[in-house]
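Architecture at a glance
These are the residues of each chain, in order.
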Amino acid sequence: QVQLVESGGGLVQPGGSLRLSCAASGFSFSTYAMGWFRQAPGKQRELVAGINRDSMTNYADAVKGRFTISRDNAKNTMYLQMNSLKPEDTAVYYCRRESGGYLLGKWDDYWGQGTQVTVSS
């Protein structure tokens, strides 16, 4: 079955960096687009970044220039490098699979447990 396991979160000071990982199993990872979502307290989950099967990427305006999404198909793993972190980046971060190889906004309903990112001094 599809499994997505996020890791790499933690507590970091404003301006700091973290790298999140999403280990995928149970499907042909290289053929699917993937994305990172986040949910802050009291807010809805939002798409942060997406990467298609050809490694084309897109980003939410709030993170452009600070976050970088990437994938390693040999390791069935997706990453989110987060730099210049701000307190408003505090959230639980989740990875998610698209229904196909391209970013069409048709996300499958598989969620991992998430990883907490807290940006605070």
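Everything discussed here concerns the structure shown above.
Residues numbered from 1 in each chain as written. Predicted model: local features only at pLDDT ≥ 70, side-chain atom pairs only at ≥ 80, totals over all residues. Heavy atoms only, no water.

1. Remarks on the pattern of salt bridges
- For the structure shown, the criterion picks out five salt bridges.
- With a closest N to O distance of 2.7 Å, R38 and E46 form a salt bridge.
- R38 gets classed as buried once you look at its relative accessible area, which sits at 7%.
- Take E46: its relative accessible area is 37%, and that puts it in the partly exposed class.
- The residue D61 makes a salt bridge to K64 at a minimum N-O spacing of 3.2 Å.
- Its relative accessible area of 64% is what places D61 among the exposed residues.
- One continuous salt-bridge network, built from bridges that share partners, spans R38, E46, R66 and D89. (Salt bridge = Lys/Arg side-chain N within 4 Å of Asp/Glu carboxyl O. Buried < 20%, exposed > 50% of the residue type's maximum accessible area, 1.4 Å probe, protein only.)

2. As for the sheet that holds strand β5 (residues 46-51)
- Strands sit in the order β2-β10-β9-β4-β5-β6 across an open sheet of six strands; the sheet is mixed. Each edge of the open sheet carries a strand with a single partner, namely β2 (10-12) and β6 (57-59). For this sheet, the mean angle separating the axes of adjacent strands, direction not counted, is 25°.
- In this sheet, strand β10 (residues 115-119) lies alongside β2 in parallel orientation, the contact comprising three bridges. Bridge pairing in β10 places L11 opposite T118. (Pairing = 2+ DSSP bridges. Helix = DSSP H or I, 4+ residues; strand = E, 2+ residues; numbered from the N terminus. Axes fitted to C-alpha atoms, helices over the stretch in contact; angles between N-to-C directions.)

3. Re the pairing of strand β3 (residues 18-25)
- The pairing of strand β1 (residues 3-7) with β3 spans five bridges and is antiparallel. Across the sheet, the residue bridging to E6 is C22, located in β3.
- Relative to strand β8 (residues 77-82), β3 runs antiparallel, the two sharing six bridges. By the bridge assignment, A23 is partnered in β8 with T77.

4. With respect to the nonpolar core
- Membership of the largest hydrophobic core comes to 28 residues, with the highest contact counts inside it found for W36, M78, L80, M82 and Y93.
- Secondary-structure elements contributing two or more residues to this core are β3, β4 (34-39), β5, β7 (67-72), β8, β9 (91-97) and β10.
- When residues of this core are assigned to their parent elements, the largest contribution, four residues, is made by β3.
- Residues contacting L80, with those up to four places away along its chain left out, are L18, R19, L20, W36, V48, A49, F67, T68, I69 and Y93. (Core = buried A, V, L, I, M, F, W, Y, C linked by side-chain atoms within 4.5 Å. Contact = heavy atoms within 4.5 Å.)

5. Some words on the sheet that holds β3
- Spatially, β1-β3-β8-β7 is the arrangement adopted by the four strands of the open sheet, whose pairing is antiparallel. Where the open sheet ends on each side, the last strands, each with one partner, are β1 and β7. Geometrically, the sheet is characterised by an average inter-axis angle of 15° between neighbouring strands, direction not taken into account.
- Sheet analysis places β7 next to β8, joined by six bridges and oriented antiparallel.

Just geometry here; none of it tells us what the structure is for.
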